Amino acid sequence: MTHIIGQHDCKADSKGRVLLPISLKNQLLPVIKDGFVIKRSVFQQCLELYPKAEFDLLMQKVMKKSKINRKYDAFVRNFVAGMKEVSIDGDSGRLQIPKNLVEFAGIEKEVVLNAVFDKIEIWNKDMYEKVLAESEKDYADLAEEIFDDDE
């Protein structure tokens, strides 16, 4: 399993190209040749960039669920909407975000790459800061609920 860490402020150009900071690129070097999958987030208006091996593990979990079910069908349709295999240039560290995903996430010039263990969230910087501010007041309660040993 890949463990990627750090929050990185970047810039995107008008074509959706993002140059990864060297510290993030260095973390991805062991998996850079295997490629990546970029997709819309399920819960937020951001994108998720998975190393291909990590994405394959996620897809195994999705595929274990019932396939003859309307809710599953609706979920999968949205889950794969806009999904695409992408690469990161090993020399420059440049990522090309597909246009439809740029539009979904509202990616403009200021971008935040938020590394979350096995994936990288790609955010419009203003949206990212807004989501963080909104969830800050519930953070302590959420931590207690998630890590409560009594359950």
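Everything below is about the structure shown above.
Residues numbered from 1 in each chain as written. Predicted model: local features only at pLDDT ≥ 70, side-chain atom pairs only at ≥ 80, totals over all residues. Heavy atoms only, no water.

Some words on the pattern of salt bridges
In the structure shown here, the tally under the stated rule is seven salt bridges. Notably, a salt bridge pairs Lys-39 with Glu-48, separated by 3.4 Å at the nearest N-O pair. Ionic pairing is found between Lys-52 and Asp-56, a salt bridge with its closest N-O pair at 2.8 Å. Of the two residues, Lys-52 and Asp-56 are both situated in helix H2 (residues 52-63); the distance of four residues between them amounts to about one turn of the helix. Residue Lys-52 is classed as partly exposed on the basis of its relative accessible area, which comes to 22%. (Salt bridge = Lys/Arg side-chain N within 4 Å of Asp/Glu carboxyl O. Helix = DSSP H or I, 4+ residues; strand = E, 2+ residues; numbered from the N terminus. Buried < 20%, exposed > 50% of the residue type's maximum accessible area, 1.4 Å probe, protein only.)

Some words on the environment of Ile-97
Tracing the sequence through the fold places Ile-97 in the loop between strand E6 (94-96) and helix H4 (99-105). With 85 residues separating them in the primary sequence, Ile-97 and Ala-12 have C-alpha atoms 9.2 Å apart. Among residues more than four places away in sequence, those in contact with Ile-97 are Lys-15, Gly-16, Val-18, Ile-38, Leu-47, Val-102 and Ile-122. (Contact = heavy atoms within 4.5 Å.)

Looking at unusual backbone geometry
For residues that are not glycine, phi is negative in most cases, and the peptide bond is trans in most cases. Positive phi is not limited to glycine here, since Phe-117 has a value of about 60°. With respect to the helices and strands, the residue Phe-117 is situated in strand E7 (residues 110-117).

Observations concerning the sheet that holds strand E4 (residues 47-51)
Across the sheet, six strands lie side by side as E1-E7-E8-E4-E3-E5; this open sheet has antiparallel pairing. Two strands close off the open sheet at either side, each with one partner strand: strand E1 (4-11) and strand E5 (84-86). Pairwise comparison of adjacent strand axes, ignoring direction, gives a mean angle of 25° for this sheet. Of the strand pairs in this sheet, strand E3 (residues 36-40) and E4 are connected by five bridges, and their pairing is antiparallel. In the sheet register, Ile-38 faces E4, and the bridge partner there is Leu-49. (Pairing = 2+ DSSP bridges. Axes fitted to C-alpha atoms, helices over the stretch in contact; angles between N-to-C directions.)

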